[in-house]
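Structural features, examined
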Amino acid sequence: MGQGGTQSSQHGAQATREHTAPNAAAPVESKAGAPAALSAEHLTKIRETIRSEKVAALTDVHFSVTIGESVPRTVHLNRLPPRIVEYAPQYRDYDYILVGDEILIIDPRTLMIVAVIPA
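All figures in this text were calculated on a predicted structure; none of them were measured in a lab.

All right, on to the side chain of R47 then. Among the structural elements, R47 can be located in helix α2 (residues 40-52). Here R47 occupies a buried position and makes no salt bridge, while the nearest side chain of opposite charge, E48, is found at 7.4 Å. Looking at R47, its side chain comes within polar contact range of the main-chain oxygen of P118, at 3.4 Å.

Since the α-helix packs 3.6 residues into each turn, any two residues three or four apart lie on the same face. A rise of 1.5 Å per residue sets the reference length of α2, with its 13 residues, at 18 Å; its end C-alpha atoms lie 19 Å apart and thus fit the reference within 8%. Those residues of α2 that sit buried are L43, I46, R47, T49 and I50. Tucked into the core, α2 has its buried residues touching α3 (82-87), β2 (95-99), β3 (102-107) and β4 (112-118).

Under the counting rule described, the total for this entry stands at four salt bridges. Between K45 and E41 there is a salt bridge whose closest N-O contact spans 3.7 Å. Of this pair, K45 and E41 both sit in helix α2, four residues apart, which is roughly one turn of that helix. Accessibility expressed as a relative area gives 31% for K45, which makes it partly exposed. The partner of D107 in a salt bridge is R109, with the nearest N and O atoms 3.4 Å apart. With a relative accessible area of 10%, D107 lands in the buried category. When its relative accessible area of 55% is taken as the criterion, R109 is described as exposed.

This part covers the sheet that holds β4. Here four strands make up an open sheet; going across it, the order is β1-β2-β3-β4 and the pairing antiparallel. Both outer strands of the open sheet, β1 (78-79) and β4, are each paired with one neighbouring strand and no more. This element, α2, spans β2, β3 and β4 of the sheet and lies at about 90 degrees to β4.

What follows deals with the packing of aromatic side chains. This model, assessed by the stated rule, comprises one aromatic pair. Taking the ring centre of Y87 as reference, the NZ or CZ of K45 above it sits at 5.1 Å. In this structure, R109 is placed above the aromatic ring of Y94, and the distance from its NZ or CZ to the ring centre is 5.5 Å.

Grouped together as the largest cluster of nonpolar side chains are 17 residues, with contacts concentrated most on I46, I50, L80, Y91, I103 and I105. Those elements that place two or more of their residues in this core are α2, α3, β2, β3 and β4. Sequence-distant contacts of I50, defined by excluding residues within four places in its chain, comprise L80, P81, I84, Y96, L98 and I103. One finds F63, L77, I113 and V116 within the second-largest nonpolar core, a separate group that totals 13 residues.

Cut-off values and rules
Residues numbered from 1 in each chain as written. Predicted model: local features only at pLDDT ≥ 70, side-chain atom pairs only at ≥ 80, totals over all residues. Heavy atoms only, no water. Helix = DSSP H or I, 4+ residues; strand = E, 2+ residues; numbered from the N terminus. Buried < 20%, exposed > 50% of the residue type's maximum accessible area, 1.4 Å probe, protein only. Lys, Arg positive; Asp, Glu negative; His and termini not counted. Salt bridge = Lys/Arg side-chain N within 4 Å of Asp/Glu carboxyl O. Polar contact = N/O pair within 3.5 Å; in protein donor to acceptor, adjacent residues only side chain to side chain. Expected span 1.5 Å × (residues − 1). Contact = heavy atoms within 4.5 Å. Pairing = 2+ DSSP bridges. Axes fitted to C-alpha atoms, helices over the stretch in contact; angles between N-to-C directions. Phe/Tyr/Trp six-rings, centres within 6.5 Å; stacked < 30°, edge-to-face > 60°. Lys NZ or Arg CZ within 6 Å of the ring centre and 35° of its normal. Core = buried A, V, L, I, M, F, W, Y, C linked by side-chain atoms within 4.5 Å.

Geometric values such as these leave the question of function open.
Okay, structure coming up:
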């Protein structure tokens, strides 16, 4: 019943988080169930690993590229490479997609975006 006001205030907080520096150590929103933040070194490793995967980036998306938003079930998700799980075990069993020049880490159970990392 009282969720409407909470959602709008959370949305404003999410919009603020989107504009952090590209090398920010905490691209992951700290929500219950969300993975822990990563260091700048680990973010760099994720970028390099994903770039080496040769996955095509989506360009015409019809959803918000925002932490906490869900992607449509019609979007093909890619399994995170095992190398990423070696240094970021909190992302075990998570998927990703590329949207433009950003990496979106997705919880495949909820289809929720848990991190947005500049590619």
